[in-house]
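Understanding the architecture of this molecule
Okay, here's what each chain looks like letter by letter:
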Amino acid sequence: MKKTQKEQIQELHISVRNLVEFIFREGDIDNRAGKLASAEAMMEGSRIHRKIQKSMDASYSAEVPLKLEIATEDYMLVVEGRADGVAFGDFAADGTRTADGAELAPRAETVETPEKIWYIDEIKGVYRNLAAMEQPVYVHKAQAMCYAYIYALQNQLEEIGVQMTYCNLDTEDVRYFREVFAWETLAEWFEELIREYRKWADWQIAWKRGRQASIQKLEFPYPYREGQKQLVTDVYRTISRRKTLFIEAPTGVGKTISTIFPAVKAVGEGLADRIFYLTAKTITATVAKETFQLLEKQGYQAKIIQLTAKEKLCMCEEMECNPLHCPYAKGHYDRVNDAVFDLLQKSDLFTREEILEQAQNYMVCPFELSLDVATWADNILCDYNYVFDPNVYLKRFFQEGVKGDYIFLVDEAHNLVDRSREMYSEQLYKEDLLAVKRIMKPHSHAIVRALDKCNKDMLEMKRECETYQILESVGTLTFHLMRLASLMDEFLEKPRDFPEKKTVMDFYFALRNFLGIYDLVDDHYVIYSEMQEDGRFLLKLFCVDPSRNLQKCIEKSNATIFFSATLLPVTYYKKLLSTAEDNYAIYARSTFDEKQRLLAFGRDVSTKYTRRGPKEYEKIARYILTAVQGKSGNYMVFFPSYKFMQDVYEVFVRMEEESGSDLQLLMQRSNMKEEEREEFLAAFEEEREDTLVAFCVMGGIFGEGIDLKNDRLIGAIIVGTGLPQISHEREILKNYYDERGMSGFDYAFRYPGINKVLQAAGRVIRTNEDRGIILLLDERFLQPDYEPLFPREWKERKVCSLEQLKQEVAAFWNQ
């Protein structure tokens, strides 16, 4: 059989930036310096790039794409990127030059040049004192040298200049470093760079060939359930069309395998190269990992990693990521590449335990090791923030201007609305300014003066704010904060240790994050100030509508699949999670028989604030008692708040004693530790003949994400409509959408509330063998506004009084 051209010449692409950062990294991890020490700062200079580029003359070409194809025996290595600038003009080759024209000593390797030559301009936006820079950062210079080599090769130049343009992102001061290279010197340097990378490229090509071959043989691991094949087809079709899909997938449809399998097959067809499985909870990621392992048993060959939070991987007592306090940080970058390559040879599923063991063997940071291993993984299971959060997203995959060959599978996508609002919002406390001022007095008068100016700005806001106030802008505060940040950058440039440094560093990063989010503020934001109950004064950049920010992330993928068992109403989620107008949406058919459950509504109870009191609590308690007396087993009762739960619990305990019922009672507490949660859930695993009633909070740790199958849970009683508590932010949300002609109450209260209700109700029927009751206690559920929000499979439902409920429960269990 004749091979196709695609099979004969496989291409491996790597960006110039990724290549040099990977090969040339060295030294320690050190968090003692400010943001100036991190590569992340370099990604925040897009505006500065454009400004500098526009200031150049007509001979200067900006954002010049450059690509070099290097043929090997088995594949074509493609090195590519965009040079910030390519120009032909005067070039001071006798040294480096600051923006004000001050000259530094010439470099030894500089060669004689004519007055005008071709040169590459590499612009870096940084947070640091430019005057203190003696030479460019080598990784930055190497990036420019790669572009210079490619341009000189393709244009047959005997020599070419490299200009490093550093711009302080706060002050916009500019400094230049210039150097001229002979062609032979540059060629020798570049060829050695490629030789070092070939070990990795050869491995990657061989591995991916095996992966692609293994995918071709994969079959769906189970007999298709009703409607499941259509769901798999819809996911594959969405990926092939490079679109975004929203799936309302009721429990039991097999949403995990129905999204992972077609995504894997799409990778096999060359529609993408890597799958990100994104989730809000570790337990959901564990299910996804088990699904990938199921495919591996069928012959699927893939590298899989589940990323673990830094604090859960750190092997030190405190997370002090510097060579002074952490032996794994010292020389980390000197050893980490060897650690990664070794691990790739001996494992396919990178567990937390394997990462920790490898980190100990090579004396490297386990968290940074896991991120580097992820670079070579085929499937990455991680929290939403690794893709969407502007402060912690994986820069190695999602850096500015790079569109990856990725598929995003976003599980439990209903959680992303509130999570993304948090990610794209930032706040500043006036009291933190004063706290840092007290610490910094012995160290920097300039920083203290800058803090005073910021504090004065916030004091003026505070005087005008009684409870909370919407602000059109933050006035001069932004400029004063930028000046403060610049001074702190300069101060932190040298490692320093002093009492309460952690407080200063925490404030510094919060300040940088605040300024970073301020750059995103547009009409999707509301800026407000607030006097808090504890007396602190808050200034917040509140991302009311995260859709635009999320869309920028979605566009980093080839296709994105949002799915959840509670994605209703889907129009709400489509509007808040994306700005695209051509997104798809489907409703997967439930595989459960309606006879497996009793769905009942209490007709004469309410959790409205105006109705709350002993009389209503007693009525609610009687409904609960009636529901759980129908059959011995395990039940969960969900409440809108801890206070409401406590009030009803006290009434229920008295009522249960009076009735002579032998019930085992549990109650969720706030801020439960992990072992306490496990102990709570373990009670449902016990074999029992009596009845367990667990009082829980809606939307809390037991309201979603737990999987109690068979007779481990036979009933869920949901008290209230789940409306979020009234707060200034909820009022801001409501007004924001009202002003735009939408139902502010729905967006701020009803839709988030019904999601918590549906999640709680979904705890009961988990398999085709399960049977149980779902009781909703609030007469507002009977209002017409709620009818469109119920799942399609909720057609059969009973509206009951207390006496009718008793009869319905008895009839259901006697079937």
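Only a predicted model underlies this, so the values are computations on that prediction, with no experimental measurement involved.

What counts, and where the lines are drawn
Residues numbered from 1 in each chain as written. Predicted model: local features only at pLDDT ≥ 70, side-chain atom pairs only at ≥ 80, totals over all residues. Heavy atoms only, no water. Helix = DSSP H or I, 4+ residues; strand = E, 2+ residues; numbered from the N terminus. Buried < 20%, exposed > 50% of the residue type's maximum accessible area, 1.4 Å probe, protein only. Lys, Arg positive; Asp, Glu negative; His and termini not counted. Salt bridge = Lys/Arg side-chain N within 4 Å of Asp/Glu carboxyl O. Polar contact = N/O pair within 3.5 Å; in protein donor to acceptor, adjacent residues only side chain to side chain. Contact = heavy atoms within 4.5 Å. pLDDT = per-residue confidence, 0-100. Axes fitted to C-alpha atoms, helices over the stretch in contact; angles between N-to-C directions. Parallel < 35°, antiparallel > 145°, perpendicular 65-115°, else oblique. Nonpolar A, V, L, I, M, F, W, Y, C, P; charged D, E, K, R; others polar. Pairing = 2+ DSSP bridges.

Topic: the side chain of R763
The residue R763 is located in the loop between α26 (744–761) and β25 (772–777) in this model. This buried residue, R763, is left without a salt bridge; D707 holds the nearest opposite charge, at 5.9 Å. Within polar-contact distance, the side chain of R763 engages the backbone oxygen of Q759 at 2.8 Å. Those residues within four positions of R763 in sequence are excluded, and the remaining contacts are F638, F702, G703, E704, G705, I706, L708 and L713.

Some words on the pattern of salt bridges
Summed over all chains, the structure comprises 48 salt bridges. In this structure, the salt-bridge partner of R195 is E192, at a minimum N-O distance of 2.8 Å. With R195 and E192 both in helix α5 (residues 183–216) and 3 residues apart, the pair spans about one turn of that helix. What makes R195 exposed here is its relative accessible area of 52%. A relative accessible area of 35% places E192 in the partly exposed class. The partner of K243 in a salt bridge is D582, with the nearest N and O atoms 2.4 Å apart. A residue pair is termed long-range when its members are at least 10 positions apart, and K243 in the loop between α6 (228–240) and β8 (244–248) and D582 in the loop between α21 (570–577) and β19 (584–587) qualify at 339 residues. Several salt bridges share partner residues, and in doing so they unite R25, E368, D372 and R396 into one network.

Points about the confidence of the model for the protein chain
Per-residue pLDDT for the protein chain has a mean of 91; in total, 93% of the residues score no lower than 70. Between residues 1–6, whose pLDDT stays under 50, and residues either more than four places distant or in other chains, the model counts 1 contact. Across residues 35–44 the pLDDT falls below 50, and counting only partners more than four positions away or on other chains, this stretch makes 28 contacts in the model.

Here we look at the packing of helix α25 (residues 728–738) against α26
Where α25 contacts α26, the axes come no closer than 5 Å and their chain directions differ by 130 degrees. Viewed along their axes, α25 and α26 adopt a mutual orientation that is oblique. Judged by residue contacts, R730, L733, K734, Y737 and D738 of α25 engage G744, F745, Y747, A748, F749 and P752 from α26. Its residues placed into classes, the contact of α25 with α26 shows 7 nonpolar, 1 polar and 3 charged.

Let's talk about the environment of Y224
As for its position among the elements, Y224 is in the loop between α5 and α6. Given a relative accessible area of 34%, Y224 falls into the partly exposed group. Once the C-alpha coordinates of Y224 and V78 are considered, the two residues, 146 residues apart in sequence, prove to be 41 Å apart. When residues no more than four places from it in sequence are discounted, the contact partners of Y224 are K229, V232 and F261.

Some details on the environment of K494
With respect to the helices and strands, the residue K494 is situated in the loop between α18 (477–492) and α19 (501–518). The sequence separation of K494 and K51 amounts to 443 residues, and the corresponding C-alpha distance is 30 Å.

A word on the sheet that holds strand β17 (residues 537–543)
With antiparallel pairing, the 4 strands of this open sheet are ordered in space as β14-β17-β16-β15. Pairing within the sheet leaves two strands with one partner each, and these edge strands are β14 (426–429) and β15 (468–471). Sheet twist, expressed as the average angle between the axes of neighbouring strands with direction ignored, equals 20 degrees. Inspection of the sheet shows β14 paired to β17 by 4 bridges, in the antiparallel sense.

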